[in-house]
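Overview (structure and organization)
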Amino acid sequence: MRESSRGPQPRRCQADAVYIDQIRKAGLYDTISQAFAVLLPVKTVGDDRTYEYVVGLRAVTSTDGMTADFYPFDMKFLGETATRIINE
């Protein structure tokens, strides 16, 4: 995701927009009851790279609005979505 001088909120909004767009493109928008991206302030240090945020993707289904179950995305969807979030 692009750097922002206004903190993490614009990044979260960008990640969320990509995530919801991917859900729509996959034809899953009406199947999923709730979906959003969240930034977790986890600092990760690797070889020469440092990552300041981890993006969590949540999606649930519900039949009554009172109970929920996770939506079982396939790995192809998750891989494509992660790649778009990272590159955009």
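Attention in this report is confined to the structure presented alongside it. Bear in mind that the values here come from a model prediction, so they are computed numbers and not experimental data. (Residues numbered from 1 in each chain as written. Predicted model: local features only at pLDDT ≥ 70, side-chain atom pairs only at ≥ 80, totals over all residues. Heavy atoms only, no water.)

**With respect to the environment of isoleucine 20**
With respect to the helices and strands, isoleucine 20 occurs in helix α1 (residues 8–25). Among all residues touching isoleucine 20, those that are not within four sequence positions of it are Tyr29 and Ala35. (Helix = DSSP H or I, 4+ residues; strand = E, 2+ residues; numbered from the N terminus. Contact = heavy atoms within 4.5 Å.)

**Focus: the packing of aromatic side chains**
Tallied over the full model, the rule gives three aromatic pairs. By way of ring pairs, the aromatic residues Tyr19, Tyr71, Phe73 and Phe77 are connected into one cluster. Note that arginine 24 overlies the ring of tyrosine 29, its terminal NZ or CZ placed 3.9 Å from the centroid. (Phe/Tyr/Trp six-rings, centres within 6.5 Å; stacked < 30°, edge-to-face > 60°. Lys NZ or Arg CZ within 6 Å of the ring centre and 35° of its normal.)

**Description of the sheet that holds strand β5 (residues 69–70)**
Pairing within the open sheet is antiparallel, and its three strands lie in the order β1-β4-β5. The sheet is open, and its two borders are formed by β1 (34–40) and β5, each paired with just one other strand. Summarising the sheet, β1 and strand β4 (residues 54–61) pair through seven bridges and their orientation is antiparallel. By the bridge assignment for β4, glutamine 34 is matched with valine 60. (Pairing = 2+ DSSP bridges.)

**A short note on the nonpolar core**
Among the nonpolar cores identified, the biggest contains 13 residues, and Tyr19, Ile23, Leu28, Ile32, Ala59, Tyr71 and Phe73 are the most heavily contacted of them. Breaking this core down by element, the ones donating at least two residues are α1 and α2 (75–87). A per-element tally of this core places α1 first, with five residues. Apart from the residues lying within four places of it in its own chain, the contact partners of phenylalanine 73 are Tyr19, Ile23, Leu28, Ile32, Ala59 and Leu78. (Core = buried A, V, L, I, M, F, W, Y, C linked by side-chain atoms within 4.5 Å. Buried < 20%, exposed > 50% of the residue type's maximum accessible area, 1.4 Å probe, protein only.)

**Details of a nonpolar patch on the surface**
Taken together, the side chains of Phe36, Val38, Leu40, Val42 and Val54 define a hydrophobic patch exposed on the protein surface, amounting to about 330 Å² of accessible area. A total of three residues in the nonpolar patch trace back to one element, the largest contributor, which is β1. (Patch = residues over 30% accessible without salt bridge, like charges linked within 9 Å, V, L, I, M, F, W, Y side chains within 5 Å. Areas by Shrake-Rupley, 256 points an atom, 1.4 Å probe, with all protein chains shown as cover. Salt bridge = Lys/Arg side-chain N within 4 Å of Asp/Glu carboxyl O.)

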